[in-house]
Amino acid sequence: MAKVRAERVTKVFKTLKALDNVSVTIDHGLFFCLLGPSGSGKTTLMRIISGLETPTSGSIFFDDEDVTGLSPSERNIAMVFQFPSIYPSLNIYDNIALAIRREVNSKQEERERVQWAASLLRIEEHLKKRYHEIDFGILQRVSIAKAIVRKAQVYIFDEPLSNLDTKLRESLRSEFQHIHREVGGTFIYVTHDQLEAMAIADKIGILRDGRLQQVGTPDEIYYHPLNKFVAYFIGSPTINFIDTKLKLVEDKPYAFVGNTYLQLDEKFKRALQSRMGKLENLQLGIRPHDISISTTPVADSIPCNVNYIESLGTSLLVELVSGPAAFKCLCDATLNIKEGMQVYAVFDKEHIHIIDPETEEVII
Amino acid sequence: MTKVEIRGLRKSYGAVEALKGLDLVVESGALVALLGPTGAGKTTTLKCIAGVEKPDSGDILFNGESILGIPAWRRNVAMFFQTYALYPHLSVYHNIAYPLREQKMSKDEIDRVVKSVAKKLRISHLLDRKEPSTLSGGEMQRVALARTLVRNPLVFLLDEPISNLDAKLREEMRTEFKRLHRELKQTIIYATPDYLEAFAVAEKVAVIKDGVILQYDTPINLLKRPKNRFVATFIGSPTINLLRGVVRRGARGWEFSTSGLRLELVSVGGAFSKIYDGLEVELAVRPHDIILGEQQNGNTFKAKVLAAERLGHETIITLSLGEVELKTVSKGMRLYKYGDEVSISIPGDRVILFDVSNGEAIH
């Protein structure tokens, strides 16, 4: 396995800058997710790392070797695509064995490695079957088995779950960490689904418009997003952005939300002091599940009206309105509320962010 | 406002029976989701309502009157698909105005309708855009929807309208649909394979499989009181846990036992009337109902962590209990490693039993 390093990679397609000066290091053995909306450049970066595409400028290193000019096979890459790639004329065993025909020295070794991959992907019972005898979900498992059975420098997965239905996606998703642990290689996994990235990755790199926004562990990007886009893109339901202004009263920091001043933690004071002079036109970011609803007045809460309730089964996504501010709150379906009701929103102050909407930077 | 009734609808394509006697009543002005996997018959149902397909037997009524004799182009039903097919050579404005021009509406009237619909869909700022292909997915979708809306149809049929969008955009659009329905108050049938989407947009959901409706209910009832195994497994994320075993009469009441696991059952609302000693069942319990940690009232087990998926607002934990694998969910970002030992308890009143022979729920 290799450590992968992209250095100042730029890719221009005609007039479109798909990647703009992207540098990232992926340590060996890491499970790394490239995450972003469609058109963000994640697939282009993956294709450049794998050798399917050459960068307009910049280089790719595997360990300390410059591989920019090498083909995917010279780089020793194993890949899984959105659609299963299986030879219909061969049975599943032979399909997997074919992937390692240049790597194995004996039939015995071949058998052992195919068996190992098949058991890891839970497809042992299908080994004797042909392409047309098994369904799409199993086929995608076979594709993954074909990749991980190899001893590759880097294993690349291009949205491997995106064409599966929800149930299949869910079950395979929960197995991916285990697969990675057993294979022990460097995994680069491309997806637009932030939940998928959060669920399986050691580290996530978030792209937008060809630029890398943040690289970090799921915890880092979830709790400490560097900018407004990361805060918005990570987390479901989406984080609320509420227009706010800050002020210090008797040395304590307050944020104006709706029609109320809400006292903030002490830690906001420092950040606030460093921005003296610009305390207006800011935004407060808080995730819907960091807001709770009380039907009776409580201290330090924001009086609101229930504007809109969306059922998510066991939970409710409730839109609350307070003066000019509207925000969503995730609460239990057992909560007895109705649209039009007056309630009190309590913000979990540990998880409040202050954002400058002009620069999109998360101040704290 | 139109009430839609579907009675015993059947439709075959050669040897394939797509609809096998489908019944559904959609109250006037309601938004009902038709939820089912690929090939369940969702699109066929919508096509029959639209008049694009002719059913073999059965009837479809609008406000009590059969519409089967009315040709598609006179039914005034709007059908909206996954792909929006905007006219690439027309501006956004003229894309939306197109159906009205076909109706020979006056210019002023067209202008008024287009602008009011555009406002509802929050695309007023896009009306002057020349090339619809330069719009984002969500914007294209709204333009296509606006083009459907201006016709003021009796019934809206939406066939997986947001399946083609990014996960994030889908989340936003489903809220948008519900909001829109509130404003329009029109009858909408919304087909989707995604239960969360169905729950988010509709007050009532019809679960369809193999050409029949299995259960027509509110989201909460579908979750808590599924009529059969299919509904239980199709709805809910992560998927409901299923264990196969036998019901036994224990010292303190009914028990469920499977390989190395014994659970005391607590009946909700009276005794189990249909179970007997030795009955083979599948026991289902939702991941959200399994509690991490020991509980006083028993059913506590030791388990080993196989995987933890930390999604942000919650963590999905896959556990192994000997031969049995279970998933549970815990709020927030929780730290569990492969191999960690934990205790879990399964509340005896939160489980659902299914008869192994037919998959029906036992109450």
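Here is what the cut-offs are and how they apply
- Residues numbered from 1 in each chain as written.
- Chains lettered and ligands numbered in written order.
- Predicted model: local features only at pLDDT ≥ 70, side-chain atom pairs only at ≥ 80, totals over all residues.
- Helix = DSSP H or I, 4+ residues; strand = E, 2+ residues; numbered from the N terminus.
- Buried ≥ 20, exposed ≤ 12 C-beta atoms within 10 Å, placed from the backbone.
- Contact = placed C-beta atoms within 7 Å.
- Nonpolar A, V, L, I, M, F, W, Y, C, P; charged D, E, K, R; others polar.
- Pairing = 2+ DSSP bridges.
- Expected span 1.5 Å × (residues − 1).
- Axes fitted to C-alpha atoms, helices over the stretch in contact; angles between N-to-C directions.
- Parallel < 35°, antiparallel > 145°, perpendicular 65-115°, else oblique.
- Left-handed = near helix turned anticlockwise from the far one by under 90°.
- Domains from an automatic or database assignment.
- Bend = angle between axes of the 7 residues up to and from the residue.
- pLDDT = per-residue confidence, 0-100.

1. Looking at the overall build of chain B
Part 1 of the argument: Assigned secondary structure in chain B consists of eight helices and 21 strands.
Part 2 of the argument: When the backbone C-alpha atoms are referred to their principal axes, chain B occupies close to 80 × 50 × 35 Å.
Part 3 of the argument: The 363 residues of chain B split such that 43% are buried.
Part 4 of the argument: Sequence separation of 24 or more characterises 66% of the internal contacts of chain B that already satisfy a separation of 6 or more.

2. As for the overall build of chain A
Part 1 of the argument: Broken down by element type, chain A carries 10 helices and 22 strands.
Part 2 of the argument: Taken along the three principal axes of its C-alpha coordinates, chain A extends 80 × 45 × 35 Å.
Part 3 of the argument: A total of 364 residues make up chain A; the buried ones form 46% of that total.
Part 4 of the argument: Here the analysis covers contacts within chain A between residues at least 6 apart in sequence; of these, 66% occur between residues at least 24 apart.

3. Describing the interface of chain B and chain A
How big an interface is tends to be stated in terms of accessible area lost as the parts join.
Part 1 of the argument: The partner chain A presents 34 residues to the 31 residues of chain B that form the contact.
Part 2 of the argument: For the side of chain B that touches chain A, the secondary structure elements donating two or more residues are α5 (167-184), α6 (195-201), α7 (219-224), β16 (300-310) and β17 (314-321) of chain B.
Part 3 of the argument: The greatest single-element share of the side of chain B that touches chain A, amounting to five residues, is contributed by α5(B).
Part 4 of the argument: A breakdown of the residues in the side of chain B that touches chain A according to their chemical character gives 16 nonpolar, eight polar and seven charged.

4. A word on the sheet that holds strand β11 (residues 240-244) of chain A
All names here are of chain A.
Part 1 of the argument: One open sheet accounts for four strands, arranged β11-β15-β21-β22; its pairing is antiparallel. Unpaired on one side and paired on the other, β11 and β22 (361-362) mark the two borders of the sheet.
Part 2 of the argument: In terms of strand pairing, strand β21 (residues 353-356) meets β22 through two bridges, oriented antiparallel. By the bridge assignment, I355 is partnered in β22 with V362.

5. Description of helix α4 (residues 137-149) of chain B
All names here are of chain B.
Part 1 of the argument: Over its 13 residues, α4 extends 18 Å from the first C-alpha to the last, a length consistent with the 18 Å expected when each residue adds 1.5 Å.
Part 2 of the argument: Among the 13 residues in α4, 10 count as buried, and that is most of the element.
Part 3 of the argument: For α4, every residue scored as buried is listed here: M140, Q141, R142, V143, A144, L145, A146, R147, T148 and L149.
Part 4 of the argument: Packing partners of the buried residues in α4 comprise β6 (77-80), α2 (92-102), α3 (107-120) and α5.

6. So, the packing of α2(B) against α3(B)
Residue and element names in this part refer to chain B.
Part 1 of the argument: α3 packs onto α2 with a crossing angle of 130 degrees between their chain directions and a minimal axis gap of 10 Å. Comparing their axes, α3 and α2 come out oblique. In the packing of α2 onto α3, the handedness of the crossing is right-handed. In this structure, α2 uses Y93, I96, A97, L100 and R101 to contact α3, whose residues at the interface are I110, V113, V114, V117 and A118.

7. Topic: the environment of B:E203
All names here are of chain B.
Part 1 of the argument: As for its placement among the helices and strands, E203 is situated in the loop between α6 and β9 (204-209).
Part 2 of the argument: In this structure the C-alpha to C-alpha distance between E203 and K178, which are 25 residues apart in sequence, comes to 9.8 Å.
Part 3 of the argument: When near neighbours in sequence (up to four residues on either side) are disregarded, E203 contacts A30, L31 and T218.

8. So, the domain arrangement of chain B
All names here are of chain B.
Part 1 of the argument: As far as domains go, chain B holds domain 1 (4-234) and domain 2 (241-362).
Part 2 of the argument: In this assembly, six residues from domain 1 lie in contact with seven residues from domain 2.
Part 3 of the argument: A class-by-class count of the residues in the side of domain 1 that touches domain 2 yields three nonpolar, one polar and two charged.

9. What to know about the packing of α2(B) against α4(B)
Residue and element names in this part refer to chain B.
Part 1 of the argument: Where α2 meets α4, the axes come as close as 7 Å, and the angle between the chain directions of the two elements is 30 degrees. Here α2 lies roughly parallel to α4, going by the angle between them. Considering the relative orientation of α2 and α4, their crossing is right-handed. Across the interface between the two elements, V92, N95, I96, Y98 and P99 from α2 touch V143, A146 and R147 from α4.
Part 2 of the argument: Here the contact of α2 with α4 is built from residues that sort into six nonpolar, one polar and one charged.

10. Considerations on the pairing of strand β12 (residues 246-249) of chain A
Residue and element names in this part refer to chain A.
Part 1 of the argument: As judged from the four bridges shared by β12 and strand β13 (residues 252-257), these two strands associate in the antiparallel manner. Paired with V249 across the two strands is K252, which belongs to β13.
Part 2 of the argument: What sits between the antiparallel neighbours β12 and β13 is a turn of two residues, in which E250 has the positive phi angle 50 degrees.

11. Side note on the domain arrangement of chain A
All names here are of chain A.
Part 1 of the argument: You can read the domains of chain A as domain 1 (4-233) and domain 2 (240-362).
Part 2 of the argument: For domain 1 and domain 2, the distance between their C-alpha centroids amounts to 39 Å.
Part 3 of the argument: With six residues of domain 1 in contact, the opposing surface of domain 2 contributes six residues.
Part 4 of the argument: For the side of domain 1 that touches domain 2, the class distribution of residues is four nonpolar, one polar and one charged.

12. A short note on unusual backbone geometry
All names here are of chain A.
Part 1 of the argument: In this structure, P237 follows S236 across a cis peptide bond, with omega equal to -5 degrees.
Part 2 of the argument: One can find P237 in the loop between α9 (228-233) and β11.
Part 3 of the argument: One non-glycine residue, N76, lies in positive phi territory at about 60 degrees.
Part 4 of the argument: The backbone of D251 shows a phi angle near 70 degrees, a positive value even though the residue is not glycine.
Part 5 of the argument: Here D251 lies in the loop between β12 and β13.

13. Focus on the pairing of strand β13 (residues 261-264) of chain B
Part 1 of the argument: Here four bridges tie strand β12 (residues 253-258) of chain B to β13(B), and the two strands are oriented antiparallel to one another. The partner of B:F256 across the bridge, within β13(B), is B:L263.

14. Brief notes about the sheet that holds strand β14 (residues 280-285) of chain B
Residues and elements named next belong to chain B.
Part 1 of the argument: Across the sheet, six strands lie side by side as β13-β12-β11-β14-β20-β21; this open sheet has antiparallel pairing. If you trace the sheet from one side to the other, it starts and ends with β13 and β21 (361-362), each paired once.
Part 2 of the argument: Bridging between β14 and strand β20 (residues 352-355) involves four bridges; their strand directions are antiparallel. When the sheet's bridge partners are listed, A284 is paired in β20 with I352.

15. Digging into the environment of A:P55
Residue and element names in this part refer to chain A.
Part 1 of the argument: In this fold, P55 is placed in the loop between α1 (42-50) and β4 (57-62).
Part 2 of the argument: The sequence separation of P55 and K42 amounts to 13 residues, and the corresponding C-alpha distance is 13 Å.
Part 3 of the argument: Setting aside its immediate chain neighbours within four residues, P55 contacts V9, T10, K11, I48 and T68.

16. Side note on helix α6 (residues 166-183) of chain A
Structurally, the α-helix is built with 3.6 residues per turn, so residues lying three or four positions apart point the same way.
Residues and elements named next belong to chain A.
Part 1 of the argument: For α6, built from 18 residues, the straight-helix expectation of 26 Å at 1.5 Å per residue is met to within 8% by its first-to-last C-alpha distance of 25 Å.
Part 2 of the argument: F176 marks the point of greatest bend in α6, at about 35 degrees.
Part 3 of the argument: Considered for burial, the residues of α6 that qualify are R169, E170, L172, R173, S174, F176, Q177, H180 and V183.
Part 4 of the argument: Within two residues after α6, G184 carries a phi angle of roughly 70 degrees, on the positive side.

17. Focus: the confidence of the model for chain B
Fine structural detail should not be taken from predicted coordinates in areas where pLDDT scores are low.
Part 1 of the argument: With 98% of its residues at a pLDDT of 70 or more, chain B shows a mean pLDDT of 90.
Part 2 of the argument: Scored as a whole, the predicted complex attains pTM 0.86, and scored at its interfaces, ipTM 0.87.

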